[in-house]
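Spelled out from the first residue to the last, the chains are:
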Amino acid sequence: MISLFKWLCPGMHVKRWLVLAFAGLLLAVCGTGLLVQSVPVERRAVLLIRVEELFAPEHLWVAGSLLLLLGLAALYCGSYRAFRSVVDVLTPEECTRLAEIIHTRQNLRRGPRIVVIGGGTGLSVLLRGLKEYTSNITAIVTVADDGGSSGRLRGELGMLPPGDIRNCLVALADKESLMEDLLQYRFKSGDLAGHNLGNLLLAALNHMAGGFQEAVQALSKVLAVRGQVLPVTLQNVVLGAELSDGTLVYGESSIPRCRKPIKRVFLVPGDCYPLPEALQAIARADAVVLGPGSLYTSILPNLLVRGISEAIARTRAVRVYVCNVMTQPGETDGYTASDHLKAIFSHAGPIVDYVVVNRGSIPARLKVRYRREGAVPVVADTEILQQMGVKVIEGDLVHESNVVRHHPGKLARLILELALQERRAGELFRLSSTGGNFRSGYL
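Residues numbered from 1 in each chain as written. Predicted model: local features only at pLDDT ≥ 70, side-chain atom pairs only at ≥ 80, totals over all residues. Heavy atoms only, no water.

Re the packing of helix 8 (residues 163-172) against helix 10 (residues 197-209)
In helix packing, the relevant descriptors are the interaxial angle and the interaxial distance, both defined with respect to the helix axes.
Now for step 1: Helix 10 packs onto helix 8 with a crossing angle of 105° between their chain directions and a minimal axis gap of 9 Å. With respect to helix 10, the axis of helix 8 lies roughly perpendicular. Between helix 8, through Gly163, Ile165 and Arg166, and helix 10, the contact on the second element is made entirely by Gly198, Asn199 and Leu202.
Now for step 2: In the contact of helix 8 with helix 10, the residues fall into two nonpolar, three polar and one charged. (Axes fitted to C-alpha atoms, helices over the stretch in contact; angles between N-to-C directions. Helix = DSSP H or I, 4+ residues; strand = E, 2+ residues; numbered from the N terminus. Parallel < 35°, antiparallel > 145°, perpendicular 65-115°, else oblique. Contact = heavy atoms within 4.5 Å. Nonpolar A, V, L, I, M, F, W, Y, C, P; charged D, E, K, R; others polar.)

Set out below in structure tokens:
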């Protein structure tokens, strides 16, 4: 009640417009009453009768029309100016395009439910494309990173590594262009040299909010992210790998440096549990997407968390693996697309319905540059993939830049098309089982 009375305080610039809108409503009612000839005179409001006496019966419709038009104009003007007074204070820079913003956000809320699983830069590339079409996005991110700024914060503060989480939050931010430079800023000197500002911000929020998940949620609100970002587990896990010669290596950053074929990867402890929200998102999804990203150090660590692979196997969603465009030195040297998929199947079972591979050309200058680093384009061996029981989707998905990455828009549209097909198929199935008529609500 006290909050309601605050609207009556001087200087709010709202009262006058609300009074004008109310007066316009009264005039509109009066005008409507005069135009309604079928209503008996004895039942009309006293005010209407008094106004009616001022005009001859044959001119009654003129008075009614004038009052109605005047009332509607006053009602519109008062309501609009009261609304503008509030919006100018809350979002002054966006007031002129408020209708566009509301329309866009309402459309995004009706978009398909997409769950993306992975880590690193590949995941953030896909998220940048998806957020333009839907806000029903859940990014499930690995927390096995132990290198760079994330590794230092993990060792010094005992917190989960924030780097991949930060990249996803920035990618889903409503105002990505304004926040990315700030959150991605890396100190170059002093005690903070090598640290990323976004990582430090998550570290501070982790201490203030009392937990890593709460810190991620707090920064999500600050950035107004479209969707949600979830660490796959809140337990402190270490990624290990068994190499082809039987050697065991521990630490996500150490595995690629061995430059030996990887036989399998595992987590320590092996009985770590996922966030319940992650399992719920997978169960409700229209599409579950693995990758793009480092196969052994970004994608598979998520699938090794207890319950994640089982949830993907049970979901009704379409399940998609986005194969990397280039091989990764120390991880997937000489791998074809089917080799990537075999690694997923050997660790998590047959949890993929579609494999997305690139058939577009890669600029020669980039091929030369990557070849010096030991990376080559991944061969799309379509026939072997089909023999493994998956459907293959090929396309020109390379983004022209200084590095070889997937094109965010092209990849997102491809995923959205698959998700919408699954949603329509699910609606058809549910309605056919109940004898209803199908009507698509999202096109």
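And the narrative resumes.
Here's the deal with the sheet that holds strand 5 (residues 248-250)
Now for step 1: One open sheet accounts for three strands, arranged 5-4-6; its pairing is antiparallel. Of all strands in the sheet, those bounded by a partner on one side alone are strand 5 and strand 6 (262-268). Across the sheet, the mean angle from the axis of one strand to that of its neighbour is 25°, orientation sign disregarded.
Now for step 2: Summarising the sheet, strand 4 (residues 238-243) and strand 5 pair through three bridges and their orientation is antiparallel. (Pairing = 2+ DSSP bridges.)

A short note on a nonpolar patch on the surface
Now for step 1: Taken together, Phe22, Leu25, Leu26 and Val29 make up a surface patch of nonpolar side chains, about 380 Å² in accessible area.
Now for step 2: For Leu25, the location among the structural elements is in helix 2 (residues 15-35).
Now for step 3: Relative accessible area serves as the criterion here: at 40%, Leu25 is assigned to the partly exposed category. (Patch = residues over 30% accessible without salt bridge, like charges linked within 9 Å, V, L, I, M, F, W, Y side chains within 5 Å. Areas by Shrake-Rupley, 256 points an atom, 1.4 Å probe, with all protein chains shown as cover. Salt bridge = Lys/Arg side-chain N within 4 Å of Asp/Glu carboxyl O. Buried < 20%, exposed > 50% of the residue type's maximum accessible area, 1.4 Å probe, protein only.)

Brief notes about the pattern of salt bridges
Now for step 1: In the structure shown here, the tally under the stated rule is seven salt bridges.
Now for step 2: The closest approach of N and O atoms between Arg113 and Asp286, which form a salt bridge, is 3.5 Å. Residue Arg113 is found in the loop between helix 5 (98-109) and strand 1 (114-118), and its partner Asp286 is found in the loop between helix 12 (276-284) and strand 7 (287-290); the two are separated by 173 residues along the sequence.
Now for step 3: The partner of Lys263 in a salt bridge is Glu242, with the nearest N and O atoms 3.8 Å apart. With a gap of 21 residues between them, Lys263 in strand 6 and Glu242 in strand 4 connect regions that are remote in the sequence.
Now for step 4: Among the residues examined, Lys263 registers a relative accessible area of 55% and is labelled exposed.
Now for step 5: Linked through salt bridges whose partners overlap, the residues forming this network are Glu242, Lys263 and Arg264.

Observations concerning the packing of helix 8 against helix 11 (residues 212-223)
Now for step 1: Contact geometry for helix 8 and helix 11: axes closest at 10 Å, N-to-C directions at 25°. Taken together, the axes of helix 8 and helix 11 lie roughly parallel to each other. The element helix 8 and its partner helix 11 pack so that their crossing is right-handed. Across the interface between the two elements, Ile165, Leu169 and Val170 of helix 8 pack against Phe212, Val216, Leu219, Ser220 and Leu223 of helix 11.
Now for step 2: Its residues placed into classes, the contact of helix 8 with helix 11 shows seven nonpolar, one polar and no charged. (Left-handed = near helix turned anticlockwise from the far one by under 90°.)

Focus on the pairing of strand 7
Now for step 1: Burial along strand 7 is two-sided: the residues Ala287 and Val289 and Val288 and Leu290 are all buried.
Now for step 2: Relative to strand 7, strand 1 is paired through four bridges, and the arrangement is parallel. Across the sheet, residue Val116 finds its bridge partner in strand 7, namely Val289.
Now for step 3: Pairing of strand 7 with strand 8 (residues 318-322) involves four bridges; the strand directions are parallel. Within strand 8, the residue paired with Ala287 across the bridge is Val318.

Structural notes on the environment of Asp245
Now for step 1: Structurally, Asp245 can be placed in the loop between strand 4 and strand 5.
Now for step 2: By relative accessible area, which is 44% here, Asp245 ends up partly exposed.
Now for step 3: For the pair formed by Asp245 and Lys260, sequence separation is 15 residues and the distance between their alpha carbons is 8.3 Å.
Now for step 4: At 2.9 Å, the side chain of Asp245 and the side chain of Thr247 are in polar contact. (Polar contact = N/O pair within 3.5 Å; in protein donor to acceptor, adjacent residues only side chain to side chain.)

Some details on the environment of Val403
Now for step 1: For Val403, the location among the structural elements is in the loop between strand 11 (398-399) and strand 12 (405-406).
Now for step 2: The class for Val403 is partly exposed, based on a relative accessible area of 25%.
Now for step 3: Through-space distance from the C-alpha of Val403 to that of Leu366 is 7.0 Å; in sequence the pair is 37 residues apart.
Now for step 4: In this view, Val403 contacts Leu366, Arg369 and Tyr370; residues no more than four positions away in its chain are not counted.

Description of the packing of aromatic side chains
What characterises a pair of aromatic rings is the spacing of the ring centres plus the angle enclosed by the ring planes.
Now for step 1: Enumeration according to the criterion identifies three aromatic pairs in this entry.
Now for step 2: Aromatic pair Tyr185 and Phe187: ring centres 5.3 Å apart, planes at 80°, arrangement edge-to-face.
Now for step 3: For Phe187, a relative accessible area of 23% gives the class partly exposed.
Now for step 4: Relative to Phe266, the ring of Tyr250 has its centre 5.8 Å away and its plane inclined at 80°; by these criteria the two rings are edge-to-face. Taken together, the residues Tyr250 in strand 5 and Phe266 in strand 6 connect sequence positions 16 residues apart.
Now for step 5: Relative accessible area serves as the criterion here: at 46%, Tyr250 is assigned to the partly exposed category.
Now for step 6: Using a relative accessible area of 14% as the deciding quantity, one classes Phe266 as buried. (Phe/Tyr/Trp six-rings, centres within 6.5 Å; stacked < 30°, edge-to-face > 60°.)

Functional significance is not addressed by these values, which are geometric in nature.
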